[in-house]
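# Breakdown of the fold
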Amino acid sequence: MTDVAGSNWTTVLRRRIERERLVDRLLADEQPVYVRSWVYLFGVGTVASLVVLIFSGVVLAMGGPNWHHTSSVGEFVDSVHWWGVQVFFASLALHAVAQLLLATWRGGRRITWLLGALAFVVAVPTALTGFLSQQNFESQWIASQAKDAVDAVGLGWLMNPFDVGRMVTFHVVLLPLVLVSLVALHVVWVRRHGVCPPLERAEEAP
Amino acid sequence: MTTQSGLVRGWDGPMRPYDLVKEGAVAVVVIASVVIALALAFGSPKRTAVTLQEWATDDPIDMATTTLGELDGTSATATYGPPYTADASDSQELLGVSPARIAGVSIPINAAEDIILGPLSTFAPTDPELAAAIDAYRSSSPTDISAWGQRYRSSLATAEIADGSLVVTPGDYGPLDTLVEHVVTLAADGSFTGALIDGRGGRPAFYTLDTTRSMMFLADGAYFDQLATDAGLAGDQWGAMNTLDNWPGQWWLGPFSVWYQFPPGSTSANADLLIAVIMGVLTGGVVFLPWIPGLRSLPVRSGFHRLVWRRSTR
């Protein structure tokens, strides 16, 4: 079968994946010997927290945004989701600070850093819209304060913190799609280049 | 040579066995266990939403004063500017640029009509006094409304509650006192809230997903503000990152909240825009750090990397 180079997108993609040994990298069963510090737990802790948030979030979504007001089970799942957010951001903050201090964008890993930083940025409004979706006193106050910041930068048309329906759809659909996509790309890029070597072994100085 | 040789950019040194999938699975189990344990032990902050009925019952004079502000055009909502009203004179700006003015009105609110008169109108068919007051207001001039408003506001400052009713010094307040007293009375028995829900064409809607008008009304009053201050949530109390009692809030908003604690963030009328710009610059600096010469070299000077990689450097 004749293969016209570059004309078959599927072929191009498959050959790129094969050339980069992407599957081997994604599911590597070996790591450099320097990957043994507790610092390397913060990243997987962040991803694991996100998994817990998604699972508890799906259960909450099945019960609906009012469930935690009318059911003790709903209230418990809401608390699980709430603490999941705390653990997620604690892991994320430790991971981000550690990667910053280790300058792990070295060795051609700048895009990895970019994707992770963007994921952090998206995580903030994802959490904010979650707090706005609670439909309690905290939601009311956060909404009344957030509107001033949102309106001041001219984004009131995009995000009305008082529109609970919109905040729920932002929190449950729109922002998680973006966040999970960024996290997935970040993880792929981490695996694609491997964990950044120690400074004295880097290809380039920071 | 190991099976994974050449898969780590910049490293040609020794490798060791590692199980990524097991690590991830264990991490999920551990994190889930920790989170469930925390939820079982502590629950989460729960404080039911403040209602207009509570407001009318706990502080009817504040509700009356706020209602007057909606009617005579002096409330925060009535004077906010874009995205709610067209008068952009108070919109925040920086170096002459106002993003709010540029974006324009996208959530139009006529404070008097949408928050007060529209909802009150649903009760007018069975209340001739109310119907007459609404008609009188709508046929009055802004000058008359302003004059009545100033007089009534002065009287409200010394108002009292007697037998559940608002008592003010008799005076010429036009239809304002009738309208205000009806709002407070209807809110106290719970019927005003249902009339205030947003609908198309000013008519009450069946479904309620948009609480803009109810919340703008509530937030215009001092009662709601005081509740938040008592709970430690005000802006100068690190409110953006704080939450009820001793619960951890959105502490990751600390870098944003800090700017509101001292001038100009704590004093400027353009604080929100100013701080948004500061955070935009800082966030951009972090996101694009690897491309910024000089700045990207700073973290390494902490020496933290020696703590992490000391074994591999021996």
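Residues numbered from 1 in each chain as written. Chains lettered and ligands numbered in written order. Predicted model: local features only at pLDDT ≥ 70, side-chain atom pairs only at ≥ 80, totals over all residues. Heavy atoms only, no water.

### A few points about the interface of chain A and chain B
Each partner contributes to the interface: chain A provides 96 residues, whereas chain B provides 93 residues. Counting each side, the surface lost to burial between chain A and chain B is near 8400 Å², with a carbon and sulfur contribution of 68%. Where chain A packs against chain B, one counts one salt bridge. Here chain A and chain B share 29 residue pairs in polar contact (both at pLDDT 80 or more) between them. Elements supplying a minimum of two residues to the side of chain A that touches chain B: helix H2 (22–26), strand S1 (30–32), helix H3 (41–63), helix H5 (72–101), helix H6 (110–132), helix H7 (137–152) and helix H8 (164–193) of chain A. The dominant element in the side of chain A that touches chain B, judged by the number of residues it contributes, is H5 of chain A, at 17 residues. Of the residues that constitute the side of chain A that touches chain B, the class distribution is 55 nonpolar, 20 polar and 21 charged. Across three bridges, S1 of chain A lies against strand S1 (residues 15–17) of chain B in antiparallel orientation. Of the residues in S1 of chain B, the one forming a bridge with Glu 30 of chain A is Pro 17 of chain B. (Contact = heavy atoms within 4.5 Å. Buried area = accessible area lost by both parts, 1.4 Å probe. Salt bridge = Lys/Arg side-chain N within 4 Å of Asp/Glu carboxyl O. Polar contact = N/O pair within 3.5 Å; in protein donor to acceptor, adjacent residues only side chain to side chain. Helix = DSSP H or I, 4+ residues; strand = E, 2+ residues; numbered from the N terminus. Nonpolar A, V, L, I, M, F, W, Y, C, P; charged D, E, K, R; others polar. Pairing = 2+ DSSP bridges.)

### Focus on the confidence of the model for chain B
Summarising the model, chain B shows a mean pLDDT of 90, and 95% of its residues fall at 70 or more. Under the prediction, the complex receives an ipTM of 0.92, its pTM being 0.92. (pLDDT = per-residue confidence, 0-100.)

### A closer look at the nonpolar core
Counting residues in hydrophobic clusters, the biggest one holds 91 residues, and the most contacted among them are Met 63, Leu 71, Leu 120, Tyr 152, Leu 179, Phe 192 and Phe 217 of chain B. Aside from chain neighbours lying at most four places away, what touches Phe 217 of chain B is Leu 52, Trp 55, Met 63, Thr 66, Thr 67, Glu 70, Ile 115, Ile 116, Val 183, Phe 192 and Leu 196 of chain B. Core analysis: the next-biggest nonpolar cluster, separate from the first, contains 25 residues, Ala 98 and Trp 113 of chain A together with Trp 11 and Tyr 18 of chain B among them. (Core = buried A, V, L, I, M, F, W, Y, C linked by side-chain atoms within 4.5 Å. Buried < 20%, exposed > 50% of the residue type's maximum accessible area, 1.4 Å probe, protein only.)

### Description of the packing of aromatic side chains
Using the criterion set out here, one finds 20 aromatic pairs over all chains in the structure. For the ring pair Trp 82 of chain A and Trp 83 of chain A, a centre distance of 5.0 Å and an interplane angle of 80° mean the geometry is edge-to-face. Comparing Trp 82 of chain A with Trp 83 of chain A shows no difference in burial state: the two are buried. Pairing Trp 141 of chain A with Phe 224 of chain B gives two aromatic rings, centres 5.5 Å apart and planes at 55°, and the pair type is tilted. Here Trp 141 of chain A is found in helix H7, whereas its partner Phe 224 of chain B is found in helix H11 (residues 222–230) on a different chain. Both residues of the pair, Trp 141 of chain A and Phe 224 of chain B, belong to the buried class. Over the ring of Trp 189 of chain A we find Arg 192 of chain A; its NZ or CZ atom is 4.8 Å from the centre of that ring. Lying over the aromatic face of Phe 137 of chain A, Arg 47 of chain B brings its terminal NZ or CZ to 4.5 Å of the ring centre. (Phe/Tyr/Trp six-rings, centres within 6.5 Å; stacked < 30°, edge-to-face > 60°. Lys NZ or Arg CZ within 6 Å of the ring centre and 35° of its normal.)

### Here we look at the layout of surface pockets
Residue and element names in this part refer to chain A. As a volume, the second largest pocket reaches approximately 730 Å³. As for the second largest pocket, its lining consists of 29 residues, of which Gly 57, Leu 60, His 81, His 171 and Val 172 are closest to the centre. Counting only elements with at least two residues in the lining of the second largest pocket, the list comes to H3, H5, H6 and H8. The dominant element in the lining of the second largest pocket, judged by the number of residues it contributes, is H3, at seven residues. (1 Å grid on protein atoms, 1.4 Å probe; cavity = no way out; pocket = protein on both sides within 12 Å on 5 of 7 lines; lining within 4 Å. Points joined across faces, edges and corners; volume = space filled by probe spheres on them.)

### A word on empty space enclosed by the protein
Which parts of space are left empty comes out when a probe the size of a water molecule is rolled across the atoms. Evaluated as defined, the whole model comprises two cavities of 30 Å³ or more. Approximately 30 Å³ is the volume found for the second largest cavity. As for the second largest cavity, its lining consists of Asp 151, Gly 154, Leu 155, Gly 156 and Trp 157 of chain A together with Pro 82, Pro 83, Ala 100, Ala 103, Gly 104 and Ser 106 of chain B. Across the lining of the second largest cavity, the residue classes tally to six nonpolar, four polar and one charged.

### Comments concerning the packing of H6 of chain A against H8 of chain A
Residues and elements named next belong to chain A. With their axes 8 Å apart at the nearest point, H6 and H8 run at an angle of 160° to one another. Judged by the angle between their axes, H6 and H8 are roughly antiparallel. Between H6 and H8 lies a crossing whose hand is left-handed. For the contact of H6 with H8, the class distribution of residues is 18 nonpolar, eight polar and no charged. (Axes fitted to C-alpha atoms, helices over the stretch in contact; angles between N-to-C directions. Parallel < 35°, antiparallel > 145°, perpendicular 65-115°, else oblique. Left-handed = near helix turned anticlockwise from the far one by under 90°.)

### Focus on the side chain of Gln 86 of chain A
Within the secondary structure, Gln 86 of chain A is located in helix H5. A relative accessible area of 6% places Gln 86 of chain A in the buried class. Those residues within four positions of Gln 86 of chain A in sequence are excluded, and the remaining contacts are Pro 248, Gly 249, Trp 251 and Trp 252 of chain B.

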